[in-house]
Amino acid sequence: IKVTKMGVYAVFEEAIRILVPRDIHIGNTAFDSIKEGDMIKVRLERSEIKTNAPFIMAVGKLVDEEGKEGEEGGEPATNA
């Protein structure tokens, strides 16, 4: 959805909102090249579900094309 100084704010099927913080991706050229509207792969690290909330909030880490961060594979792509 947005790319800011804090990081990337992404959404997965309007059900999960994911913050991918810039702090843990310093020096990562793949992270630095993300633009709004790009499809990215993210491994969720933490999530929070609140009663009556319209979506789940989560924090994630970018997975590179080879899947180095997500050995399990099969992670759905999210919109940045």
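Since we're looking at a predicted model, the values are computed, not measured.

Calculation rules
Residues numbered from 1 in each chain as written. Predicted model: local features only at pLDDT ≥ 70, side-chain atom pairs only at ≥ 80, totals over all residues. Heavy atoms only, no water. Helix = DSSP H or I, 4+ residues; strand = E, 2+ residues; numbered from the N terminus. Buried < 20%, exposed > 50% of the residue type's maximum accessible area, 1.4 Å probe, protein only. Contact = heavy atoms within 4.5 Å. Areas by Shrake-Rupley, 256 points an atom, 1.4 Å probe, with all protein chains shown as cover. Pairing = 2+ DSSP bridges.

(A) Structural context of the overall build of the protein chain. When you go through the protein chain residue by residue, the secondary structure sums to 1 helix and 6 strands. Walking the protein chain from its N terminus toward its C terminus, one meets helices and strands in the order β-β-β-α-β-β-β. Residues counted as buried form 30% of the 80 residues belonging to the protein chain. Taking all contacts inside the protein chain whose residues are at least 6 apart in sequence as the whole, residues at least 24 apart take part in 55%. A total accessible area of about 5,500 Å² is found for the protein chain, and carbon and sulfur atoms account for 53% of it.

(B) Main features of the pairing of strand β3 (residues 16-21). Judged by how many residues are buried, β3 sits mostly within the fold: 5 of 6 residues are covered. The loop that links strand β2 (residues 7-12) with its antiparallel partner β3 comprises 3 residues; one of these, Glu13, has a positive phi angle of about 50°. Relative to strand β5 (residues 56-63), β3 is paired through 4 bridges, and the arrangement is parallel. The partner of Arg17 across the bridge, within β5, is Met57.

(C) Molecular detail of the side chain of Arg17. Along the chain, Arg17 turns up in strand β3. On the accessibility criterion, Arg17 (17% relative accessible area) is buried. In this structure, Arg17 is in contact with Ile1, Tyr9, Ala10, Val11, Phe55, Ile56, Met57 and Ala58, ignoring residues within four places of it in sequence.

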